[in-house]
Amino acid sequence: MPIQHFAPPPHVKAPPLSFATRVGDLLFVSGIPGFDAGGALPDGFEAQFANVVVNVKRVLDEAGATMRDLVKVNVLLTRAADVAAMNALYAGAFGPPPYPARTTCVVQALPDPKMLIEIEAVASLAKA
């Protein structure tokens, strides 16, 4: 089965990876941090979360999917204090229910010390 790769947007200085890969009816979205449209990482958790959502939606759209096609989401946070805010923001961005399956981890660090959040996901591209 061929693998389709989705490149990072040109403004994002990304490590050597695809933003997503599709194999069959599954789309695997790489961990995406909260870079804005200019490739900058804003201060503040809410701004980074909003940018992550925009970037995830862009990748899904490019693959012909929507947030409703997500089946599994992994959220990485660098501060446990952001869990409550993330849950509130997540409900609006990934809802309405039912939500995709999700794992939330608080990690010691992400690649850039300014990164407060990163989200990776798996989406189903199967059309019923």
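About the criteria used
Residues numbered from 1 in each chain as written. Predicted model: local features only at pLDDT ≥ 70, side-chain atom pairs only at ≥ 80, totals over all residues. Heavy atoms only, no water. Core = buried A, V, L, I, M, F, W, Y, C linked by side-chain atoms within 4.5 Å. Buried < 20%, exposed > 50% of the residue type's maximum accessible area, 1.4 Å probe, protein only. Helix = DSSP H or I, 4+ residues; strand = E, 2+ residues; numbered from the N terminus. Contact = heavy atoms within 4.5 Å. Phe/Tyr/Trp six-rings, centres within 6.5 Å; stacked < 30°, edge-to-face > 60°.

Enquirer: Sorry if this is basic, but what is going on with the nonpolar core here?
Expert: Grouped burial of nonpolar side chains is what soluble globular proteins tend to show. Counting residues in each nonpolar core, the largest one holds 30 residues, and the members touching the most others are Leu27, Phe49, Leu60, Phe94 and Ile117. If you list the elements that add at least two residues to this core, you get strand 3 (26–33), helix 1 (45–62), strand 4 (70–77), helix 2 (83–94) and strand 6 (117–124). When residues in this core are grouped by element, the largest group, 7 residues, is from helix 1. Once residues lying within four places of it in the same chain are set aside, the contact partners of Ile117 are Ile32, Pro33, Gly34, Phe45, Gln48, Phe49, Val52, Val75, Leu76, Leu77, Met86 and Leu110.

Enquirer: Would you mind going over the packing of aromatic side chains with me for this structure?
Expert: A ring pair, where both rings are aromatic, is described by two values, the distance of the centres and the angle of the planes. Counted according to the given criterion, the structure contains 3 aromatic pairs. Centre to centre, the rings of Tyr90 and Phe94 are 4.1 Å apart; their planes meet at 10°, and the pair counts as stacked. Remark: Phe94 and Tyr90 occur in helix 2; sequence separation between them is 4 residues, near one turn of the helix. Taking relative accessible area as the criterion, Tyr90 reaches 3% and is therefore assigned buried. Feature note: the residues Tyr90, Phe94 and Tyr99 constitute an aromatic cluster, connected by ring pairs.

Enquirer: In this structure, what is going on with the environment of Leu116? I would like to understand it.
Expert: Locating Leu116 in the fold gives a position in the loop between strand 5 (101–106) and strand 6. Residue classification places Leu116 among the buried residues on the basis of a relative accessible area of 10%. The spacing of Leu116 and Val75 is 41 residues in sequence and 11 Å in space, taken between C-alpha atoms. Once residues lying within four places of it in the same chain are set aside, the contact partners of Leu116 are Gly44, Phe45, Gln48, Leu76, Leu77, Thr78, Arg79 and Leu110.

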